[in-house]
Amino acid sequence: MEALEDVKKNYVRMALEQGHYSSVARSAGIHRDTLMKWIKEYGDEVRDQMDDPTSAILSTDPTKEELKVKYEQAMKLLGEKELEVAMLRNLLKKTQFRP
């Protein structure tokens, strides 16, 4: 699931940039060990992206266009997550009511 990987990579990047792994994990709603696992998995790729100035997550003074693009990405991700939750709920209902 590519969108989920992007979310993980964003948290990895936040952790690497800020250096506060515990607070980033808390803000993500995950255990610190989970974040550490993600850092091991995606750390090299994220560090390479961090070295590339064109791949910034969001500049410190974003333009309206940058904000619009990030908003659209977030809304797409939210839509995908809502669909995933609906599908999982439907599956759960089906499995709970089997005779």
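Residues numbered from 1 in each chain as written. Predicted model: local features only at pLDDT ≥ 70, side-chain atom pairs only at ≥ 80, totals over all residues. Heavy atoms only, no water.

**Q** Could you give me a rundown of the overall build of the protein, with the residues and numbers involved?
**A** Helices and strands together make up the secondary structure of the protein, namely four helices and zero strands. Listing the helices and strands of the protein from first to last along the sequence gives α-α-α-α. When the 99 residues of the protein are sorted by exposure, 15% land in the buried category. For the protein, long-range pairs separated by at least 24 residues make up 53% of all intrachain contacts whose partners lie at least 6 apart in sequence. In the form shown here, the protein has an accessible surface area of approximately 7900 Å², with 55% of it arising from carbon and sulfur atoms. (Helix = DSSP H or I, 4+ residues; strand = E, 2+ residues; numbered from the N terminus. Buried < 20%, exposed > 50% of the residue type's maximum accessible area, 1.4 Å probe, protein only. Contact = heavy atoms within 4.5 Å. Areas by Shrake-Rupley, 256 points an atom, 1.4 Å probe, with all protein chains shown as cover.)

**Q** How would you sum up the confidence of the model for the protein? Please name residues and give values.
**A** For the protein, per-residue confidence averages 83 on the pLDDT scale, and residues scoring 70 or more make up 85% of the total. Within the protein, no element has a lower average pLDDT than helix H4 (residues 64–96), which sits at 85, and none a higher one than helix H3 (residues 32–51), at 91. (pLDDT = per-residue confidence, 0-100.)

**Q** So what's going on with H3? Residues and values would help.
**A** An ideal rise of 1.5 Å per residue puts 28 Å on 20 residues; H3 reaches only 25 Å between its terminal C-alpha atoms. At Tyr 42, H3 is bent by approximately 65 degrees, the largest bend along its length. Those residues of H3 lying buried are Leu 35, Trp 38, Ile 39, Tyr 42, Gly 43 and Val 46. (Expected span 1.5 Å × (residues − 1). Bend = angle between axes of the 7 residues up to and from the residue.)

**Q** Tell me about the side chain of Lys 8, and name the residues and values.
**A** Following the sequence through the fold, Lys 8 ends up in helix H1 (residues 2–18). Here Lys 8 occupies a buried position and makes no salt bridge, while the nearest side chain of opposite charge, Glu 41, is found at 5.1 Å. Residues contacting Lys 8, with those up to four places away along its chain left out, are Trp 38 and Tyr 42. (Lys, Arg positive; Asp, Glu negative; His and termini not counted. Salt bridge = Lys/Arg side-chain N within 4 Å of Asp/Glu carboxyl O.)

**Q** Summarise the nonpolar core; cite the residues concerned and give the values.
**A** Residues Val 12, Ala 15, Leu 16, Val 24, Ala 25, Leu 35, Trp 38, Ile 39, Tyr 42 and Val 46 constitute the largest nonpolar core, which totals ten residues. Of all elements in the fold, only H1, helix H2 (21–28) and H3 reach the threshold of two or more residues within this core. Beyond its immediate chain neighbours, meaning those up to four positions away, Tyr 42 contacts Glu 5, Lys 8, Lys 9 and Val 12. (Core = buried A, V, L, I, M, F, W, Y, C linked by side-chain atoms within 4.5 Å.)

**Q** Please give an account of the environment of Lys 37 that cites residues and values.
**A** With respect to the helices and strands, Lys 37 occurs in helix H3. According to the relative accessible area criterion, Lys 37 is exposed, its value standing at 54%. Separated by 25 residues in the primary sequence, Lys 37 and Val 12 place their C-alpha atoms 9.6 Å from one another.

**Q** Now, about the pattern of salt bridges: what can you tell me, with residues and values included?
**A** For the structure on display, the rule yields four salt bridges. Close ionic contact of Glu 17 with Arg 13 constitutes a salt bridge, the shortest N to O distance being 2.9 Å. Taken as a pair, Glu 17 and Arg 13 lie in helix H1 at a separation of four residues, close to a single helical turn. Take Arg 13: its relative accessible area is 6%, and that puts it in the buried class. Note that Lys 81 and Glu 84 form a salt bridge whose closest N and O atoms lie 3.1 Å from each other. Of the two residues, Lys 81 and Glu 84 are both situated in helix H4; the distance of three residues between them amounts to about one turn of the helix.

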